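Analysis of the macromolecular model
Residue-level listing of the chains:
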Amino acid sequence: MHIIESGNVAAAMGVKLARTQVVAAYPITPQTPLTEKLSEFVDSGEMEAQYIPVESEHSALSVCIAASSTGSRTFTATSANGLLYMHEQIHWAAGARLPIVMCVVNRGVGAPWTVWNDHQDSISQRDTGWIQLYVCDHQQIIDTVIKAFYLAEFVSIPVMVCYDGYLLSHTYMPFDIPDPAQVDKFLPPFTPEYMLDPARPKNLNTVTLPDTRTDIHGNTAPGYMEIRHNLHSDLRSTLTVVEEIDQKFQAVFNRGGNPYVEKYKCNDAEFIAVCLGSLSYQLRDVIDALREEGIKVGVLGLRLYRPFPHHAVIEALSGTKGVIVFEKALSYGNQGALFGDIKSALYNADRRPKIHNYILGLGGREIKTQDLLDALRNSCTDKEKMNNTPKWVGLKL
Amino acid sequence: MATKTTILDLPEDELVHPGNRACAGCGLSINYRIGLKALGRDTILVVPPSCLTVLQGLYPIATTQLPCLNVTFASTAAAATGVLAALKAQGRDKTIVAAWAGDGGTADIGLQALSGACERDENLIFICYDNEAYMNTGVQRSGTTPQGVITTTTPIKGKLQKKKDVTAIMAAHRLSYVATASASFPLDLYDKIIKAKTFSGPKYIHIHTPCPAGWGFDPRYSVKIGRLAVETGLYDLYEIEYSKWQLTGPSKKLIGKKRRPVTDYFNTQTRFKAMSRELIAGVQKEIDAKWEGYADT
Ligand SMILES: Cc1ncc(C[n+]2csc(CCOP(=O)(O)OP(=O)(O)O)c2C)c(N)n1
Ligand code: SF4
Ligand SMILES: [Mg+2]
């Protein structure tokens with residue numbers, strides 16, 4: 001059934017369709033309407049779940065961590081300072097290998113206060129061991145939330161579904177609500193390998209030594225380093241799982257594809273713009289305009305940021321003349337985080353394109369199509385020398 | 001108190017393996033062993049970083065025979081909430097969920113989550129073992145360290161401020177059951193946990209827990225020192241059932257009796273050595289005034 005609704009409502013509907021059992025969240029702009037919608041679903045009986053109105057985001061993720069450890073499917077959502085307030089628990093959830101799904105409704109972080117969109121919040125959590133997915137429209141939001149539960153539970157790693165605050169969270173778009181019976185067919189109930197259960201007692205997350213250690217039966221148990229290595233290698237192996245899940249979803253719902261990157265006019269492109277989130281759709285108009293000027297350019301949006309899809313990135317970019325990375329975040333004192341990741345992926349490629357970095361849209365600064373057009377044209381025509389120093393777009397100094 | 005358990009009635013089932021990693025003479029070892037007997041096998045534990053984390057053992061060997069979730073320092077009561085929510089979602093809600101935290105994990109960094117869980121009326125038992133400092137990190141002051149006590153962050157003059165009354169804070173949340181207990185009176189503690197299990201909503205029990213390593217005394221005197229805290233009238237054992245307050249067992253027996261001077265307690269531990277005569281006299285005066293009030297009730 002098609003409806004016209006906000007991105008936050010699309011996310012809430014995905015959480016409901018996934019038969020989430022425990023939801024814990026704390027309101028923060030622009031995530032708030034998502035939390036409100038979920039409380040409404042639970043309060044009205046439309047959704048059979050425990051909704052825990054916690055007193056902080058740290059507690060929100062703590063509830064999810066414990067509920068997931070006790071064998072229930074869990075969800076939370078936040079933005080900006082709320083995400084940062086969770087930081088300790090974000091690492092913990094990944095280390096404890098819990099399949100929690102969290103929507104991050106992307107917003108700039110303080111200080112100074114801003115409520116508007118950029119990507120600094122989720123980018124600053126990229127090294128926590130979570131899978132990070134970025135989406136571009138409402139259909140992708142609802143579908144990705146459902147797929148995220150499948151993925152998280154399949155690999156026992158938590159997943160962030162990141163979407164742009166206001167640009168997606170508060171805008172209204174048409175999208176199809178997946179049929180509940182088909183969702184049930186796609187997504188089986190959560191059956192953890194082990195959980196907190198008095199019938200089979202386990203002591204979870206105990207202090208673990210630097211080295212391996214023998215248990216009471218004489219078997220070698222991993223040390224901290226093995227446990228962390230397994231998290232990393234399992235994260236890397238999700239690269240194939242992501243594709244399989246996407247195909248499985250396509251078979252049931254007849255939509256999807258592009259689990260790693262979403263390409264627009266990249267096949268014959270000499271230059272490719274790269275970015276995360278809804279900006280890649282805005283850039284499509286810019287690509288069309290530049291193509292009319294005779295510049296062969298395309299845009300590549302990353303749908304999966306962690307684990308980093310090196311193969312897809314190299315495959316799409318290595319044969320081009322230039323790669324231009326547009327970013328709504330940065331690793332302060334260095335360069336855009338995505339820029340660094342793309343550059344490092346291309347270092348070992350057979351052919352290395354020139355690469356350039358633009359920082360834009362911080363704290364919701366309007367991203368003017370004309371500015372994008374000028375920046376991209378300058379990079380493609382050598383007017384702007386491509387180098388390591390990020391250029392700021394739309395800055396008024 | 002409803003039941004009066006004697007040493008002969010205690011369940012023989014041991015839920016804490018002997019030979020755990022706590023120091024010799026640790027008060028926590030006593031109250032944890034007895035406490036788990038009272039909670040029983042159909043219990044899920046939630047434990048933040050503290051001496052109890054160390055007592056639990058090092059992976060893959062565990063001291064406790066109950067399922068236990070080790071959680072971050074600030075998150076204990078929220079994590080207990082999560083366990084409860086999951087159990088409810090699965091229809092397994094007969095299982096008891098008990099959080100067991102130190103004074104730091106309760107009175108300081110864990111207080112926000114605890115207050116939130118109490119306000120939300122979560123059906124949990126929260127047990128604070130109060131050894132009156134951050135022992136796991138090497139004896140730093142906490143919110144419940146008494147005035148005058150030497151710790152590694154109050155190394156010369158002793159702590160200048162008074163002990164935070166966490167039990168009163170919990171009582172202010174109007175819980176069904178709030179109690180104090182002492183590691184040195186384990187049967188009183190046992191009965192209180194048994195009683196807590198009969199109430200719904202959040203229950204809170206605060207256990208005074210002697211710590212030879214942090215308090216500066218010979219391990220063999222643990223029980224004696226915990227008793228002195230009660231017998232001098234400094235630390236009172238009571239319970240509050242739906243706002244109805246009453247002294248229990250060992251403290252109740254002190255009403256109208258001559259109590260030992262508080263110096264009998266202070267003199268047993270090196271942590272009190274910086275206390276001035278004035279401060280000691282002040283504490284004694286406070287105790288006397290408090291007990292005069294009790295005599296009227
Ligand atoms: C967020 C965070 N801050 C600090 C620590 C370090 N830390 C671990 S245990 C502890 C003190 C625990 O004190 P308490 O709760 O009183 O328990 P005790 O060790 O005294 O039994 C501290 C400060 C931590 N683990 N996490
Ligand atoms: S430091 Fe104190 S509380 Fe901690 S294990 Fe040793 S005696 Fe017990
Ligand atoms: Mg302590």
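Residues numbered from 1 in each chain as written. Chains lettered and ligands numbered in written order. Predicted model: local features only at pLDDT ≥ 70, side-chain atom pairs only at ≥ 80, totals over all residues. Heavy atoms only, no water.

1. Focus: the overall build of chain A
Each helix and strand in chain A was counted, giving 13 helices and 18 strands. Its C-alpha radius of gyration of 21 Å places chain A within 12% of the 21 Å reference for a compact globule of 397 residues. Each of the three principal axes of chain A carries a C-alpha extent, and together these read 70 × 50 × 45 Å. For chain A, buried positions account for 59% of its 397 residues. Taking the intrachain contacts of chain A between residues at least 6 apart in sequence as the baseline, contacts between residues at least 24 apart amount to 79%. (Helix = DSSP H or I, 4+ residues; strand = E, 2+ residues; numbered from the N terminus. Rg over C-alpha atoms; globule rule 2.2 N^0.38 Å. Buried < 20%, exposed > 50% of the residue type's maximum accessible area, 1.4 Å probe, protein only. Contact = heavy atoms within 4.5 Å.)

2. Looking at the coordination of the magnesium ion (ligand 3)
Residues and elements named next belong to chain B. Donor atoms from the polypeptide that coordinate the magnesium ion (ligand 3) comprise Asp 103 (OD), Asn 131 (OD1) and Ala 133 (O), at 2.0 to 2.1 Å from the metal. In primary sequence terms, the donor set of the magnesium ion (ligand 3) follows D-x27-N-x1-A. Since its relative accessible area comes to 3%, Ala 133 is described here as buried. (Donors = N, O, S within 2.8 Å, 3.2 Å for Na, K, Ca; no water.)

3. Description of the site of ligand 1
By nearness alone, 17 residues border ligand 1, and B:Gly104, B:Tyr129, B:Ala133, B:Met135 and B:Asn136 come closest of all. Flanking ligand 1 are residues from chains A and B. Between an oxygen atom of ligand 1 and a main-chain N or O atom of B:Cys51, the distance comes to 3.1 Å. Burial of ligand 1 by the protein amounts to 76% of the accessible area it has alone, namely 590 Å². The element best represented in the shell around ligand 1 is helix α4 (residues 103-108) of chain B, accounting for three residues. Its residues assigned to classes, the shell around ligand 1 shows eight nonpolar, seven polar and two charged. (Near = heavy atom within 4 Å. Polar contact = N/O pair within 3.5 Å; in protein donor to acceptor, adjacent residues only side chain to side chain. Areas by Shrake-Rupley, 256 points an atom, 1.4 Å probe, with all protein chains shown as cover. Nonpolar A, V, L, I, M, F, W, Y, C, P; charged D, E, K, R; others polar.)

4. Digging into the pattern of salt bridges
All names here are of chain A. What the rule picks out here adds up to 43 salt bridges over all chains. Between Lys 263 and Glu 315 there is a salt bridge; the shortest N-O distance is 3.4 Å. On the criterion of sequence distance, the pair formed by Lys 263 in strand β12 (residues 261-264) and Glu 315 in helix α11 (residues 310-317) is long-range, its members being 52 residues apart. The class of Glu 315 is exposed, set by a relative accessible area of 59%. When the shortest N-O distance is used, the salt bridge between Arg 377 and Asp 374 registers 3.2 Å. (Salt bridge = Lys/Arg side-chain N within 4 Å of Asp/Glu carboxyl O.)

5. Quick notes on the interface of chain A and chain B
The interface is formed by 42 residues belonging to chain A together with 43 residues belonging to chain B. A combined buried area of about 3200 Å² lies between chain A and chain B, and 62% of that area is made up of carbon and sulfur atoms. On the chain A side of the contact with chain B, A:Pro198, A:Asn203 and A:Arg213 bury the most area, a combined 19% of that side's loss. If you look at where chain A meets chain B, you find two salt bridges. (Buried area = accessible area lost by both parts, 1.4 Å probe.)

6. Focus on the sheet that holds strand β7 (residues 238-241) of chain B
With mixed pairing, nine strands are arranged side by side in an open sheet as β9(A)-β2(B)-β1(B)-β3(B)-β4(B)-β6(B)-β5(B)-β7(B)-β8(B). Both edges of this open sheet fall to β9 (203-204) of chain A together with β8 (244-247) of chain B, since each of them pairs with a single strand only. In the sheet, strand β3 (residues 96-102) of chain B pairs with strand β4 (residues 125-130) of chain B via five bridges, with the strands oriented parallel. Residue pairing in the sheet places B:Ala99 in a bridge with B:Phe126 of β4(B). In the packing of helix α1 (residues 27-39) of chain B onto the sheet, the strands contacted are β1 (43-47), β3, β4 and β6 (203-208) of chain B, and the crossing angle to β3(B) comes to about 170 degrees. (Pairing = 2+ DSSP bridges. Axes fitted to C-alpha atoms, helices over the stretch in contact; angles between N-to-C directions.)

7. What about the sheet that holds strand β6 (residues 131-134) of chain A?
Residue and element names in this part refer to chain A. Reading across from one edge, β3-β2-β4-β5-β7-β6-β15 is the order of the seven strands in this open sheet, with mixed pairing throughout. Taken across any chain shown, the strands that pair with only one partner, and hence form the sheet edges, are β3 (50-52) and β15 (304-306). For this sheet the average axis-to-axis angle between neighbouring strands, irrespective of direction, equals 20 degrees. Examined bridge by bridge, β6 and β15 share two bridges and lie antiparallel to one another. Looking at β15, one finds that Gln 132 is bridged to Arg 306. Where helix α1 (residues 7-17) meets the sheet, it contacts β2 (22-24), β4 (74-78), β5 (101-106) and β7 (159-164), and its direction lies at approximately 160 degrees from that of β7.

8. Quick notes on the pairing of β6(B)
All names here are of chain B. Most of β6 is tucked away: six of the six residues are buried. Residues of β6 alternate between two faces, with Lys 203, Ile 205 and Ile 207 on one and Tyr 204, His 206 and His 208 on the opposite face, all of them buried. Here strand β5 (residues 177-182) pairs with β6 via six bridges, running parallel. Its bridge partner being in β6, Val 178 is matched across the sheet by Tyr 204. Read as a crossover between parallel neighbours, the route from β5 over helix α7 (residues 186-196) to β6 is right-handed. (Right-handed = clockwise from strand over helix to strand, strands pointing away.)

9. What to know about the side chain of B:Ser176
Residues and elements named next belong to chain B. Its location among the elements puts Ser 176 in the loop between α6 (166-171) and β5. Looking at Ser 176, its side chain comes within polar contact range of the main-chain oxygen of Ser 200, at 3.0 Å. Filtering out sequence-adjacent residues up to four positions away, Ser 176 remains in contact with Phe 199, Ser 200, Pro 202, Lys 203, Ile 240, Glu 241 and Tyr 242.

10. Remarks on the site of ligand 2
Close contacts around ligand 2 come from B:Ala22, B:Cys23, B:Cys26, B:Cys51, B:Asn131, B:Met135, B:Cys211, B:Pro212 and B:Ala213, and that covers them all. For the shell around ligand 2, the class distribution of residues is eight nonpolar, one polar and no charged.

11. Overview of unusual backbone geometry
Residue and element names in this part refer to chain A. Residue Pro 112 follows Ala 111 across a cis peptide bond; omega there is -5 degrees. If you trace the backbone, Pro 112 turns up in the loop between β5 and α6 (120-123). Along the chain, Arg 306 connects to Pro 307 via a cis peptide bond; the corresponding omega equals -5 degrees. Tracing the sequence through the fold places Pro 307 in the loop between β15 and α11. Non-glycine residue Ala 80 carries a positive phi angle of around 40 degrees.

12. What to know about the domain arrangement of chain A
Residue and element names in this part refer to chain A. Taken domain by domain, chain A comprises domain 1 (2-186) and domain 2 (261-392). The straight-line distance from the C-alpha centre of domain 1 to that of domain 2 is 27 Å. With 22 residues of domain 1 in contact, the opposing surface of domain 2 contributes 23 residues. Across the domain 1/domain 2 interface, buried area totals approximately 1900 Å², and carbon plus sulfur atoms make up 53% of it. Where domain 1 meets domain 2, there are two salt bridges. Notably, a salt bridge pairs Arg 126 with Asp 341, separated by 3.3 Å at the nearest N-O pair. (Domains from an automatic or database assignment.)

13. Quick notes on the side chain of B:Lys203
Residue and element names in this part refer to chain B. Looking at the secondary structure, you find Lys 203 in strand β6. Although buried, Lys 203 forms no salt bridge, and the nearest oppositely charged side chain, Asp 121, lies 8.2 Å from it. Those residues in contact with Lys 203 that sit more than four places away from it in its chain are Asn 123, Leu 124, Ile 125, Phe 126, Ser 176, Tyr 177 and Ala 196. (Lys, Arg positive; Asp, Glu negative; His and termini not counted.)

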